[in-house]
Amino acid sequence: MLSKDWSVSAVMAAFLAVLIAYAGPAIIFFQAGDAAGISPEMMSSWIWAISIGPGVVGIFLSWRMKMPIITAWSAPGTALLVTLFPAISVNEAVAAYITAAAIIFVIGISGSFDRIMRSIPKGIASGMMAGILFEFGVNAFRSVAAMPVLAFSMVVAYIVFRRLVPRYSIVLVMLVGVAAAVLLGQTHLGVLELKLATPMFISPEWSWGSTLSLALPLVLVSLTGQFLPGMAILHVSGYPAPARPILSLTSVASAAIAVFGGITVVLAAITAALCTGKDAHEDASRRYVAGIANGVFFLIGGTFAGTIVLLFTALPKEFVAILAGLALVGAIATNVVSAMQEEAHREAAIITFLATASNMSFLGLGSAFWGVVIGGFAYLVLNKARKKAA
């Protein structure tokens, strides 16, 4: 069946999706590792874990369900992680990953996903996400001070390519950035070599601080920022995929890779559109091959995670900051618009956004937690006042 359904277009769509994932969301993981102060060997283990988990799950689900189930790691969760290191340890982060996986598993197996999503005000969730991502967008432009030629060339390339070839813009911006860094003599590409990944076990250490600051917000951003739009893309593309097996299997995979530094495995959202539409194949019943190929490319990337780490450590830190910020412009815009969309949520959403973007810390808990708490309180109080006035 697979050999009959195989197509070059499906494989190319999958390759592009994985390339965009490594060029965009993976960059944030390097920033998290830098904030945590981990070694290149540990970073290689992290990249191995976030590649192998989605790879295995994506292959199995796509083959089993005969749908292009595109999985990845939680990009918004990774962005949250950057804001918490080094206040929490890597061991505490691993424990939070496992806790988040257990919560998502319960939600998935219980079939309560849709009910939970309806109970969270959209403006609050979007305001928190916008606040988490805001710093990344700002850092892209702060890099102008250190490397103006690199920064402006990448920003201009992003604007031009977004106009001409929006689907491939981030990959092309990455290539422009690499070329600029080479011309400026700011690279160490001589250290590049094919290097296999060596998974490193990290023992989890549970704490209330990491559970409340990382695990719970990680569940929220993964459900609202990845699973919800990911399921919507599948349904819009004509694939009535049930949420239960997807959430259940991804959470089991998340728990398995957590001890090697892998953050939550989720449904892809942005890159999923590449593999679920006509660009992958005219025949919708044959697009599941793109999901399998996507998983295979992730397995290859995970196997050579050491080379990926060498590549990004050979490039200047400003390159990583600029690429991460530009890759998240679309996500920032989407969440800002979503936060402002409903008038009933608007003021509470702004409060959530400001509290989260402030990077405040209180009682050992991070700004994402306090953003939701303060914003949620504002939503309840202000909506009750509006209802009384009406």
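In what follows, the accompanying structure is described. Values in this document were obtained by computation on a predicted structure and should not be read as measured data. (Residues numbered from 1 in each chain as written. Predicted model: local features only at pLDDT ≥ 70, side-chain atom pairs only at ≥ 80, totals over all residues. Heavy atoms only, no water.)

**Quick look at the side chain of Thr71**
So, point 1. If you trace the backbone, Thr71 turns up in strand β1 (residues 71-73).
So, point 2. Of note is the side chain of Thr71, whose polar atom sits 2.7 Å from the backbone oxygen of Pro54.
So, point 3. From its side chain, Thr71 meets the backbone nitrogen of Gly58 in a polar contact 3.4 Å long.
So, point 4. With residues near it in sequence (within four places) discarded, Thr71 still touches Pro54, Val57, Gly58, Thr250, Val265, Val266, Leu267, Ala268, Asn294 and Phe298. (Helix = DSSP H or I, 4+ residues; strand = E, 2+ residues; numbered from the N terminus. Polar contact = N/O pair within 3.5 Å; in protein donor to acceptor, adjacent residues only side chain to side chain. Contact = heavy atoms within 4.5 Å.)

**Looking at the packing of helix α5 (residues 75-84) against helix α8 (residues 122-142)**
So, point 1. Between α5 and α8, whose axes approach to 9 Å, the crossing angle comes to 65 degrees. For the element pair α5 / α8, the angle class is roughly perpendicular. The two elements α5 and α8 cross, and the hand of that crossing is left-handed. Every residue of α8 that contacts α5 at Pro76, Ala79, Leu80 and Val82 is listed here: Met129, Ile132, Leu133 and Phe136.
So, point 2. Among the residues making up the contact of α5 with α8, the classes are represented as eight nonpolar, no polar and no charged. (Axes fitted to C-alpha atoms, helices over the stretch in contact; angles between N-to-C directions. Parallel < 35°, antiparallel > 145°, perpendicular 65-115°, else oblique. Left-handed = near helix turned anticlockwise from the far one by under 90°. Nonpolar A, V, L, I, M, F, W, Y, C, P; charged D, E, K, R; others polar.)

**Brief notes about the nonpolar core**
So, point 1. Counting 94 residues, the largest nonpolar core has Trp46, Ile47, Leu214, Phe227 and Ile246 as its most contacted members.
So, point 2. In terms of residue count, the dominant contributor to this core is helix α4 (residues 40-65) (11 residues).
So, point 3. In this structure, Ile47 is in contact with Tyr22, Phe29, Phe30, Ala305, Ile308 and Val309, ignoring residues within four places of it in sequence.
So, point 4. Ala10, Ala13, Ala72 and Ala272 belong to the second largest nonpolar core, which has 13 residues in total. (Core = buried A, V, L, I, M, F, W, Y, C linked by side-chain atoms within 4.5 Å. Buried < 20%, exposed > 50% of the residue type's maximum accessible area, 1.4 Å probe, protein only.)

**Things to note about the packing of aromatic side chains**
So, point 1. Counted under the stated rule, the structure contains seven aromatic pairs.
So, point 2. Centroid distance Trp73 to Phe298: 5.7 Å. Interplanar angle 65 degrees. Geometry classified as edge-to-face. One end of the pair, Trp73, is in strand β1; the other, Phe298, is in helix α14 (residues 288-303), and 225 residues separate them in sequence. This pair shows no difference in class: Trp73 is buried, exactly as Phe298 is.
So, point 3. Seen in terms of ring centroids, Phe134 and Phe353 are 5.7 Å apart; in terms of plane orientation they differ by 85 degrees. Their pairing is edge-to-face. Here the residue Phe134 occupies a position in helix α8, and Phe353 occupies one in helix α18 (residues 343-357), the gap between them amounting to 219 residues.
So, point 4. For Phe353, a relative accessible area of 19% puts it in the buried group. (Phe/Tyr/Trp six-rings, centres within 6.5 Å; stacked < 30°, edge-to-face > 60°.)

**What to know about helix α6 (residues 90-110)**
So, point 1. Between its first and last C-alpha, α6 extends 30 Å over 21 residues, near the 30 Å set by a 1.5 Å rise per residue.
So, point 2. In the segment just after α6, Gly111 is the residue with positive phi, at about 75 degrees. (Expected span 1.5 Å × (residues − 1).)

**Things to note about helix α9 (residues 148-164)**
So, point 1. Across its 17 residues, α9 extends 24 Å between first and last C-alpha, which sits within 8% of the 24 Å expected from 1.5 Å per residue.
So, point 2. Taken together, the buried positions of α9 are Leu150, Ala151, Met154, Val155, Ala157 and Tyr158. Seen along its axis, α9 keeps its buried residues to an arc of 160 degrees; they face one direction. Those residues of α9 that are exposed and angled more than 90 degrees off the buried face are Val149, Ile159, Arg163 and Leu164. (Arc of directions from axis to C-beta.)

Honestly, that's just the spatial picture; any functional story needs more than this.
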